Amino acid sequence: ETGVTQSPTHLIKTRGQQVTLRCSSQSGHNTVSWYQQALGQGPQFIFQYYREEENGRGNFPPRFSGLQFPNYSSELNVNALELDDSALYLCASSGGGRPGGYTFGSGTRLTVV
Amino acid sequence: DQQVKQNSPSLSVQEGRISILNCDYTNSMFDYFLWYKKYPAEGPTFLISISSIKDKNEDGRFTVFLNKSAKHLSLHIVPSQPGDSAVYFCAAVEKGAQKLVFGQGTRLTINP
(Lines give C-alpha, C1' and ligand atoms only; values in the text may rest on other atoms or scores of the structure.)
Protein backbone atom coordinates (compact mmCIF):
# COMPACT_ATOMS: atom_id res chain seq x y z
CA GLU A 1 0.00 0.00 0.00
CA THR A 2 1.57 3.29 -1.08
CA GLY A 3 1.10 6.46 0.91
CA VAL A 4 0.38 9.98 -0.29
CA THR A 5 3.00 11.35 -2.65
CA GLN A 6 3.45 15.05 -3.36
CA SER A 7 5.55 16.74 -6.01
CA PRO A 8 7.67 18.71 -6.19
CA THR A 9 9.15 18.72 -2.69
CA HIS A 10 10.49 22.25 -3.00
CA LEU A 11 9.72 25.08 -5.38
CA ILE A 12 10.78 28.72 -5.77
CA LYS A 13 8.55 31.07 -7.76
CA THR A 14 8.45 34.77 -8.45
CA ARG A 15 5.60 36.99 -7.31
CA GLY A 16 2.87 37.12 -9.93
CA GLN A 17 3.67 33.70 -11.39
CA GLN A 18 1.43 30.65 -11.34
CA VAL A 19 2.21 27.29 -9.73
CA THR A 20 0.79 23.76 -9.87
CA LEU A 21 1.34 21.30 -7.07
CA ARG A 22 0.54 17.60 -7.44
CA CYS A 23 -0.66 14.88 -5.13
CA SER A 24 -1.12 11.14 -5.61
CA SER A 25 -3.64 9.70 -3.18
CA GLN A 26 -3.14 6.60 -1.13
CA SER A 27 -4.50 3.56 -2.92
CA GLY A 28 -8.26 3.19 -2.38
CA HIS A 29 -8.74 6.75 -1.15
CA ASN A 30 -11.32 8.84 -3.05
CA THR A 31 -11.18 12.07 -1.03
CA VAL A 32 -8.35 14.60 -1.17
CA SER A 33 -7.88 17.72 0.94
CA TRP A 34 -5.29 20.46 0.64
CA TYR A 35 -3.87 22.46 3.53
CA GLN A 36 -1.52 25.43 3.74
CA GLN A 37 0.92 25.57 6.64
CA ALA A 38 2.66 28.90 7.12
CA LEU A 39 5.82 29.03 9.21
CA GLY A 40 5.06 28.59 12.91
CA GLN A 41 1.36 27.95 12.28
CA GLY A 42 -0.88 24.94 12.07
CA PRO A 43 -2.19 23.73 8.71
CA GLN A 44 -5.16 25.66 7.31
CA PHE A 45 -7.81 23.99 5.17
CA ILE A 46 -7.87 25.16 1.55
CA PHE A 47 -10.42 22.80 -0.03
CA GLN A 48 -11.46 19.19 -0.43
CA TYR A 49 -12.33 17.09 -3.46
CA TYR A 50 -14.52 14.00 -3.49
CA ARG A 51 -14.96 12.04 -6.71
CA GLU A 52 -13.67 14.93 -8.83
CA GLU A 53 -16.00 17.54 -7.29
CA GLU A 54 -15.08 20.28 -4.84
CA ASN A 55 -16.63 19.31 -1.53
CA GLY A 56 -15.84 22.16 0.84
CA ARG A 57 -13.60 25.21 0.80
CA GLY A 58 -11.79 27.27 3.42
CA ASN A 59 -11.13 31.01 3.49
CA PHE A 60 -8.87 31.18 0.47
CA PRO A 61 -9.34 33.47 -2.56
CA PRO A 62 -10.43 32.11 -5.96
CA ARG A 63 -6.84 32.24 -7.26
CA PHE A 64 -6.44 29.01 -5.29
CA SER A 65 -8.07 26.30 -7.39
CA GLY A 66 -7.89 22.55 -7.68
CA LEU A 67 -8.66 19.48 -9.66
CA GLN A 68 -9.18 15.83 -8.87
CA PHE A 69 -8.71 13.24 -11.57
CA PRO A 70 -10.50 9.91 -12.17
CA ASN A 71 -7.62 8.07 -10.48
CA TYR A 72 -8.22 10.37 -7.46
CA SER A 73 -4.90 12.16 -7.79
CA SER A 74 -5.16 15.92 -7.41
CA GLU A 75 -3.64 19.26 -8.32
CA LEU A 76 -3.55 22.56 -6.46
CA ASN A 77 -3.13 25.61 -8.67
CA VAL A 78 -2.28 29.06 -7.37
CA ASN A 79 -2.39 32.05 -9.71
CA ALA A 80 -0.87 35.51 -9.26
CA LEU A 81 1.44 34.35 -6.49
CA GLU A 82 1.98 36.66 -3.54
CA LEU A 83 4.80 36.66 -1.03
CA ASP A 84 2.39 35.46 1.69
CA ASP A 85 1.72 32.31 -0.33
CA SER A 86 5.12 31.06 0.81
CA ALA A 87 4.27 28.01 2.92
CA LEU A 88 4.24 24.25 3.15
CA TYR A 89 1.34 22.82 1.15
CA LEU A 90 0.02 19.53 2.44
CA CYS A 91 -2.20 17.05 0.68
CA ALA A 92 -4.23 14.52 2.66
CA SER A 93 -6.25 11.62 1.29
CA SER A 94 -8.99 9.60 2.89
CA GLY A 95 -11.28 6.72 2.05
CA GLY A 96 -14.19 8.31 3.85
CA GLY A 97 -15.26 8.17 7.45
CA ARG A 98 -13.81 10.27 10.20
CA PRO A 99 -10.93 12.70 9.53
CA GLY A 100 -8.66 10.53 11.60
CA GLY A 101 -8.52 8.40 8.51
CA TYR A 102 -6.61 11.08 6.63
CA THR A 103 -3.12 10.25 5.42
CA PHE A 104 -0.93 13.28 4.82
CA GLY A 105 1.83 13.63 2.29
CA SER A 106 5.18 15.19 3.19
CA GLY A 107 4.22 18.43 1.54
CA THR A 108 5.58 20.87 -1.02
CA ARG A 109 7.60 23.77 0.32
CA LEU A 110 6.75 26.81 -1.85
CA THR A 111 8.84 29.96 -1.62
CA VAL A 112 7.65 33.09 -3.41
CA VAL A 113 10.30 35.75 -3.98
CA ASP B 1 -10.14 34.06 14.68
CA GLN B 2 -8.18 31.15 16.13
CA GLN B 3 -10.79 28.53 17.03
CA VAL B 4 -8.22 26.00 18.24
CA LYS B 5 -5.35 27.24 20.38
CA GLN B 6 -2.22 25.63 21.67
CA ASN B 7 -0.76 28.23 23.96
CA SER B 8 2.57 26.54 24.60
CA PRO B 9 4.85 26.80 21.56
CA SER B 10 7.33 24.42 23.16
CA LEU B 11 7.67 21.90 25.96
CA SER B 12 10.74 20.11 27.30
CA VAL B 13 10.36 16.88 29.31
CA GLN B 14 12.81 14.38 30.72
CA GLU B 15 12.79 10.89 29.28
CA GLY B 16 10.55 8.57 31.28
CA ARG B 17 8.41 11.37 32.69
CA ILE B 18 4.91 12.38 31.65
CA SER B 19 4.40 14.86 28.82
CA ILE B 20 1.18 16.89 28.91
CA LEU B 21 0.19 18.91 25.87
CA ASN B 22 -2.78 21.23 26.10
CA CYS B 23 -5.30 22.58 23.64
CA ASP B 24 -8.25 24.96 23.99
CA TYR B 25 -11.09 25.58 21.56
CA THR B 26 -13.84 28.13 21.22
CA ASN B 27 -16.29 26.56 18.76
CA SER B 28 -18.99 24.59 20.58
CA MET B 29 -19.94 22.90 17.28
CA PHE B 30 -16.76 20.84 17.31
CA ASP B 31 -17.67 17.22 18.03
CA TYR B 32 -14.48 15.33 17.22
CA PHE B 33 -10.92 16.05 18.23
CA LEU B 34 -7.60 14.67 17.06
CA TRP B 35 -3.91 14.86 17.82
CA TYR B 36 -1.30 14.71 15.08
CA LYS B 37 2.44 14.36 15.37
CA LYS B 38 4.81 15.88 12.85
CA TYR B 39 8.49 15.23 12.30
CA PRO B 40 10.57 17.62 10.15
CA ALA B 41 10.23 17.01 6.40
CA GLU B 42 7.26 14.69 6.95
CA GLY B 43 3.51 15.18 6.89
CA PRO B 44 1.41 15.08 10.07
CA THR B 45 0.70 11.58 11.34
CA PHE B 46 -2.52 10.74 13.14
CA LEU B 47 -1.94 9.84 16.78
CA ILE B 48 -5.20 9.58 18.69
CA SER B 49 -8.72 11.00 18.60
CA ILE B 50 -11.74 11.47 20.82
CA SER B 51 -15.42 12.02 20.20
CA SER B 52 -17.27 14.70 22.13
CA ILE B 53 -19.43 12.02 23.78
CA LYS B 54 -16.38 10.73 25.63
CA ASP B 55 -14.05 12.34 28.14
CA LYS B 56 -11.09 10.01 27.78
CA ASN B 57 -9.50 7.81 25.16
CA GLU B 58 -6.40 5.74 25.69
CA ASP B 59 -4.05 4.04 23.24
CA GLY B 60 -0.90 2.59 24.71
CA ARG B 61 1.27 5.37 26.08
CA PHE B 62 -1.09 8.05 24.75
CA THR B 63 -4.23 9.29 26.48
CA VAL B 64 -6.43 12.16 25.39
CA PHE B 65 -8.72 13.88 27.88
CA LEU B 66 -11.64 16.10 26.89
CA ASN B 67 -13.30 18.64 29.19
CA LYS B 68 -16.23 19.97 27.20
CA SER B 69 -17.40 22.47 29.80
CA ALA B 70 -13.95 24.07 29.79
CA LYS B 71 -13.52 23.54 26.04
CA HIS B 72 -10.16 22.02 26.77
CA LEU B 73 -8.36 18.87 25.77
CA SER B 74 -5.01 17.45 26.66
CA LEU B 75 -2.68 14.73 25.44
CA HIS B 76 -0.73 12.73 28.00
CA ILE B 77 2.29 10.68 26.97
CA VAL B 78 3.57 8.25 29.59
CA PRO B 79 6.40 7.39 29.71
CA SER B 80 7.96 9.91 27.34
CA GLN B 81 10.59 8.57 24.96
CA PRO B 82 13.20 10.35 22.80
CA GLY B 83 11.31 9.33 19.66
CA ASP B 84 8.35 11.38 20.89
CA SER B 85 10.28 14.57 20.15
CA ALA B 86 8.21 16.25 17.42
CA VAL B 87 5.64 18.98 16.84
CA TYR B 88 2.17 18.02 18.08
CA PHE B 89 -0.96 19.51 16.58
CA CYS B 90 -4.40 19.49 18.10
CA ALA B 91 -7.23 19.51 15.54
CA ALA B 92 -11.02 19.63 15.68
CA VAL B 93 -13.94 18.96 13.34
CA GLU B 94 -17.52 20.21 13.36
CA LYS B 95 -20.24 17.59 13.09
CA GLY B 96 -20.95 16.92 9.43
CA ALA B 97 -18.03 19.05 8.26
CA GLN B 98 -14.98 17.89 6.39
CA LYS B 99 -12.23 20.26 7.35
CA LEU B 100 -9.78 19.86 10.18
CA VAL B 101 -9.18 23.03 12.19
CA PHE B 102 -5.65 22.91 13.60
CA GLY B 103 -3.95 24.62 16.50
CA GLN B 104 -0.56 26.26 16.06
CA GLY B 105 1.34 23.27 17.36
CA THR B 106 3.58 22.53 20.35
CA ARG B 107 7.18 21.43 19.88
CA LEU B 108 7.90 18.64 22.35
CA THR B 109 11.51 17.83 23.20
CA ILE B 110 12.32 14.75 25.25
CA ASN B 111 15.66 15.03 26.99
CA PRO B 112 17.70 11.93 27.87
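This text goes with the structure placed above it.
Residues numbered from 1 in each chain as written. Chains lettered and ligands numbered in written order. Predicted model: local features only at pLDDT ≥ 70, side-chain atom pairs only at ≥ 80, totals over all residues. Heavy atoms only, no water.

K.L.:
How do you make sense of the sheet that holds strand 8 (residues 72–77) of chain B when you look at a structure like this?
P.N.:
Within a beta sheet, neighbouring strands are joined by backbone hydrogen bonds and run either parallel or antiparallel to one another. Residue and element names in this part refer to chain B. Ordered in space as 1-3-8-7-6, the 5 strands form an open sheet in which the pairing is antiparallel. Of all the strands in the sheet, just strand 1 (4–5) and strand 6 (56–59) have a single pairing partner and so form its edges. Of the pairings in the sheet, the one linking strand 7 (residues 62–67) to strand 8 comprises 6 bridges and is antiparallel in character. Its bridge partner being in strand 8, leucine 66 is matched across the sheet by leucine 73. (Pairing = 2+ DSSP bridges. Helix = DSSP H or I, 4+ residues; strand = E, 2+ residues; numbered from the N terminus.)

K.L.:
In this structure, what is going on with the pattern of salt bridges? I would like to understand it.
P.N.:
If the charged atoms of two oppositely charged side chains come close together, the side chains can form a pair. All names here are of chain A. Following the criterion strictly, the structure yields 5 salt bridges over all chains and no others. With a closest N to O distance of 3.5 Å, glutamate 75 and arginine 22 form a salt bridge. Of this pair, glutamate 75 sits in strand 8 (residues 74–78) while arginine 22 sits in strand 3 (residues 19–24), and the two are 53 residues apart along the sequence. On the basis of relative accessible area, glutamate 75 is assigned to the buried category, the value being 14%. Put simply, arginine 63 and aspartate 85 hold a salt bridge, and the shortest N to O gap is 2.8 Å. Of the two residues, arginine 63 sits in the loop between strand 6 (53–57) and strand 7 (64–68) while aspartate 85 sits in the loop between strand 8 and strand 9 (87–94), which places them 22 residues apart along the sequence. Exposure class is identical for arginine 63 and aspartate 85. Each is buried. Through salt bridges with shared partners, a single network forms among Arg63, Glu82 and Asp85. (Salt bridge = Lys/Arg side-chain N within 4 Å of Asp/Glu carboxyl O. Buried < 20%, exposed > 50% of the residue type's maximum accessible area, 1.4 Å probe, protein only.)

K.L.:
So what exactly am I meant to see when it comes to the layout of surface pockets here?
P.N.:
Left-over empty space is what a probe sized like a water molecule reveals as it rolls over the atoms. Space inside the largest pocket adds up to approximately 460 Å³. Forming the boundary of the largest pocket are 23 residues, of which Gln37, Leu88 and Arg109 of chain A together with Lys38 and Pro40 of chain B lie nearest the centre. Residue assignment for the lining of the largest pocket shows that the elements contributing at least two residues are strand 9 (86–94) and strand 11 (106–111) of chain B. For the lining of the largest pocket, the residue count by class is 9 nonpolar, 10 polar and 4 charged. In this structure, the second largest pocket spans a volume of roughly 340 Å³. (1 Å grid on protein atoms, 1.4 Å probe; cavity = no way out; pocket = protein on both sides within 12 Å on 5 of 7 lines; lining within 4 Å. Points joined across faces, edges and corners; volume = space filled by probe spheres on them. Nonpolar A, V, L, I, M, F, W, Y, C, P; charged D, E, K, R; others polar.)

K.L.:
What exactly am I supposed to notice about the state of the cysteines here?
P.N.:
Two cysteines whose sulfur atoms are joined by a covalent bond form what is called a disulfide. Residue and element names in this part refer to chain A. For the structure on display, the rule yields 2 disulfides over all chains. In this model, cysteine 23 is linked to cysteine 91 through a disulfide, with the two sulfur atoms separated by 1.8 Å. Between cysteine 23 and cysteine 91 the sulfur-sulfur dihedral comes to about -65°; the bridge is accordingly left-handed. In this pair, cysteine 23 is assigned in strand 3 and cysteine 91 in strand 9, connecting sequence segments 68 residues apart. (Disulfide = S-S within 2.5 Å.)

K.L.:
Would you mind going over the interface of chain A and chain B with me for this structure?
P.N.:
When the parts of a complex come together, some accessible area is lost, and that lost area is often used as the size of the interface. At the junction of the two partners, chain A supplies 18 residues and chain B supplies 18 residues. Where chain A packs against chain B, one counts 0 salt bridges. There are 1 residue pair in polar contact (both at pLDDT 80 or more) connecting chain A and chain B. Here the side of chain A that touches chain B is composed, by residue class, of 8 nonpolar, 9 polar and 1 charged. (Contact = heavy atoms within 4.5 Å. Polar contact = N/O pair within 3.5 Å; in protein donor to acceptor, adjacent residues only side chain to side chain.)

K.L.:
For this particular structure, what's the right way to read the pairing of strand 11 of chain B?
P.N.:
Along any regular strand the residues' side chains alternate between the sheet's two faces. Residue and element names in this part refer to chain B. The two faces of strand 11 differ: Thr106, Leu108 and Ile110 on one face are buried, but Arg107, Thr109 and Asn111 on the other face are not. Inspection of the sheet shows strand 2 (residues 10–14) paired to strand 11 by 5 bridges, in the parallel sense. When the bridges of strand 11 are listed, serine 10 appears paired with arginine 107. Relative to strand 11, strand 9 runs antiparallel, the two sharing 3 bridges. Bridge pairing links alanine 86 to leucine 108 in strand 11.

K.L.:
I'm lost on the packing of aromatic side chains in this one. Help?
P.N.:
Aromatic rings considered in pairs are described by the distance between their centres and by the relative angle of their planes. Residues and elements named next belong to chain A. A full pass over the atoms with the stated rule returns 13 aromatic pairs over all chains. Summarising the aromatic geometry, the rings of phenylalanine 60 and phenylalanine 64 are spaced 5.1 Å apart at their centres and angled 65° between planes, so their arrangement reads as edge-to-face. A residue is classified by how much of its surface remains accessible, and phenylalanine 60, at 12% relative accessible area, is buried. Looking at phenylalanine 64, the relative accessible area reads 2%, which means it is buried. (Phe/Tyr/Trp six-rings, centres within 6.5 Å; stacked < 30°, edge-to-face > 60°.)

K.L.:
Sorry if this is basic, but what is going on with the sheet that holds strand 1 (residues 5–7) of chain A here?
P.N.:
Residues and elements named next belong to chain A. As summarised here, the arrangement of the 4 strands in space is 1-3-8-7, forming an open sheet in which the pairing is antiparallel. What marks the edges here is a single partner per strand, and that holds for strand 1 and strand 7. Mean inter-strand twist for the sheet, computed between neighbouring axes without regard to direction, equals 15°. Where strand 1 meets strand 3, 3 bridges bridge the pair, whose relative direction is antiparallel. Across the sheet, serine 7 pairs through a bridge with arginine 22, a residue of strand 3. (Axes fitted to C-alpha atoms, helices over the stretch in contact; angles between N-to-C directions.)

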